[in-house]
Amino acid sequence: MEIESGKKFNVELNNLLTLYRHYKDYLLPFGVILACILIVFIVVIPQFQQYLVLQGQLKVEMQKLNVLKANYNFLSNLDSSKSDADYNALTLALPSGKDFAGILNAISYASAKTGVVVGDFQFSVGSLSGNNTEGVSAYPSIKIDINLVGNTQSVIQFIQELYKTAPASEVLSIKAGGNSGGITVIFYYKPFLPQQVDDSAPVAVLSEKDTALIKNVSSWNNALNQPQLPSISSLLSGVSTQAASLGNNSSPF
Amino acid sequence: MNNNINLISNQNVGLEKELRRLKKFRLISLICLITVSLVSVLIFVLNLTLPLDSVKKEQATTAVSVVTFHKKLVMYTLITDRIKNISNILSQRGNYIPQIDEVLGKIPADVSVDELNVKTGAISVFVSSATLLSINKFMDDMVSFAEKGKVINDLIIQSFSLDAASGKYSLGLTANIP
């Protein structure tokens, strides 16, 4: 039995040796092809994947760089004095807090320009610390009832002038007749919300509509370009100080 | 017939075939080796030459330059914020002046406005005149406006009376402003 199994083993070994001798010249090329396949799976494909990932990263980084460059070019060409002037005009049109001085100036200017005599007027300031929203929703405002002395046409002219005067206002009701009238008007303001200015975020260039708006608002009568009445100015000194301490948010940054 | 008589041995033909096959196999393996090597080197070089680091360096340099304009950027952000809000207010606020102008523009010279009220999209006008013809003309114009629906709509005559003492006709109209 043992002799038989030994014989069988010898026979198989001889077969293997014969096969080896017969195909030994194929072993090297076969090994090379196998190694090539392994290299493709272990090295080439991962490297190619890494290349694709790096390409993606490069694209993202290039976009960031382009944004930064565009921001740099835009900001370096931005005229500071014009920005300051635009900012002043816009904040007069929509103050960040309750601008009592601006409101009284607007009323007195519209009155002086249209010849309408302003009688009693009543502020409905509401909560000094909170926001009162009326008219265009989501915008806090100060409501004023104004009694006017003048004919209907003068009252209308007064309102037209008020709409061209900072701060931005909205007339809620008009009552005119004979030689007197009254309007209810709200003056808007909007605090600056705290926000993070990201230097790497793309800066949106102002559209034509935006520049037209700035031009329009700059042409409005405001506290800087309208003649102030001495009595109003003296009246405001106390009110504006109070308003500044209660409602003004000068800058959110 | 004895095979040994043939001048060309069958064994040699088989060997040549075997050699040709081996040669082909070696050639294929060589091509594989060269291709894989070339592709590996190529991808390696491509990975090395991607300018990711230089882009990041340039980014950092530009970012530092941009930071010097931070104040300008803040100012610009505030300006865009105000523009957005003012634009919203101006586009949404009620402005009835053009409609009021249109209505008042149709009042004849000998008709006087006794009362004008405008509130939340509604207008009411009370006029009086010694001439009925003028009152009629004004009413016709208002009806025309209401039919067109651009200046006013839903026109209602509130009152129409004659004050015998003063000899004046009075007309009261209310309408909605679209």
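The text that follows walks through the structure, step by step, so that each part is easy to find. (Residues numbered from 1 in each chain as written. Chains lettered and ligands numbered in written order. Predicted model: local features only at pLDDT ≥ 70, side-chain atom pairs only at ≥ 80, totals over all residues. Heavy atoms only, no water.)

### Notes on the packing of aromatic side chains
For step 1, the next point in the chain: Enumeration over the complete set of coordinates arrives at 8 aromatic pairs over all chains.
For step 2, the next point in the chain: Ring centres of Tyr139 of chain A and Tyr188 of chain A lie 6.5 Å apart, and the angle between their planes is 80 degrees; this geometry places the pair in the edge-to-face category. In this pair, Tyr139 of chain A is assigned in the loop between strand E1 (117-124) and strand E2 (141-149) and Tyr188 of chain A in strand E4 (residues 180-188), connecting sequence segments 49 residues apart. Considered together, Tyr139 of chain A and Tyr188 of chain A belong to a single accessibility category, that of buried residues.
For step 3, the next point in the chain: Taken together, the ring pairs connect Tyr23 and Tyr26 of chain A together with Phe25 of chain B into an aromatic cluster.
For step 4, the next point in the chain: Just above the ring of Tyr163 of chain A sits the side chain of Arg93 of chain B; from NZ or CZ to the centre is 3.9 Å. (Phe/Tyr/Trp six-rings, centres within 6.5 Å; stacked < 30°, edge-to-face > 60°. Helix = DSSP H or I, 4+ residues; strand = E, 2+ residues; numbered from the N terminus. Buried < 20%, exposed > 50% of the residue type's maximum accessible area, 1.4 Å probe, protein only. Lys NZ or Arg CZ within 6 Å of the ring centre and 35° of its normal.)

### Considering the state of the cysteines
For step 1, the next point in the chain: Enumeration according to the criterion identifies 0 disulfides over all chains in this entry.
For step 2, the next point in the chain: For the unlinked cysteine Cys36 of chain A, the closest cysteine sulfur is that of Cys32 of chain B, found at 5.2 Å.
For step 3, the next point in the chain: When its relative accessible area of 3% is taken as the criterion, Cys36 of chain A is described as buried.
For step 4, the next point in the chain: By relative accessible area, which is 25% here, Cys32 of chain B ends up partly exposed. (Disulfide = S-S within 2.5 Å.)

### Things to note about the packing of helix H4 (residues 152-163) of chain A against helix H4 (residues 97-105) of chain B
For step 1, the next point in the chain: Closest axis-to-axis distance for the H4 of chain A/H4 of chain B pair is 11 Å, and the angle between their directions is 160 degrees. Relative to H4 of chain B, H4 of chain A is oriented roughly antiparallel. Regarding H4 of chain A and H4 of chain B, the two cross each other, and that crossing is left-handed. Contact with H4 of chain A, carried on its side by Thr152, Gln153, Ile156, Ile159 and Gln160 of chain A, involves Ile97, Ile100, Asp101 and Leu104 of chain B of H4 of chain B and no other residues of that element.
For step 2, the next point in the chain: The residue inventory of the contact of H4 of chain A with H4 of chain B, partitioned by class, reads 5 nonpolar, 3 polar and 1 charged. (Axes fitted to C-alpha atoms, helices over the stretch in contact; angles between N-to-C directions. Parallel < 35°, antiparallel > 145°, perpendicular 65-115°, else oblique. Left-handed = near helix turned anticlockwise from the far one by under 90°. Contact = heavy atoms within 4.5 Å. Nonpolar A, V, L, I, M, F, W, Y, C, P; charged D, E, K, R; others polar.)

### Considering the pattern of salt bridges
All names here are of chain B.
For step 1, the next point in the chain: Following the criterion strictly, the structure yields 7 salt bridges over all chains and no others.
For step 2, the next point in the chain: Of the charged contacts, one joins Lys137 and Asp141 as a salt bridge, the two residues approaching to 3.3 Å between their closest N and O atoms. Of the two residues, Lys137 and Asp141 both sit in helix H5 (residues 132-148), 4 residues apart, roughly one turn of that helix. (Salt bridge = Lys/Arg side-chain N within 4 Å of Asp/Glu carboxyl O.)

### A word on empty space enclosed by the protein
Residue and element names in this part refer to chain B.
For step 1, the next point in the chain: Counted under the stated rule, the structure contains 3 cavities of 30 Å³ or more.
For step 2, the next point in the chain: In this structure, the largest cavity spans a volume of roughly 50 Å³.
For step 3, the next point in the chain: What lines the largest cavity is Val103, Ile123, Val125, Phe138, Met142, Ile152, Leu155, Leu173, Thr174 and Ala175.
For step 4, the next point in the chain: Secondary-structure elements contributing two or more residues to the lining of the largest cavity are strand E2 (122-129), H5 and strand E4 (168-176).
For step 5, the next point in the chain: Here the lining of the largest cavity takes 3 residues from E4, the largest share from any one element. (1 Å grid on protein atoms, 1.4 Å probe; cavity = no way out; pocket = protein on both sides within 12 Å on 5 of 7 lines; lining within 4 Å. Points joined across faces, edges and corners; volume = space filled by probe spheres on them.)

All we've got here are geometric facts, nothing functional implied.
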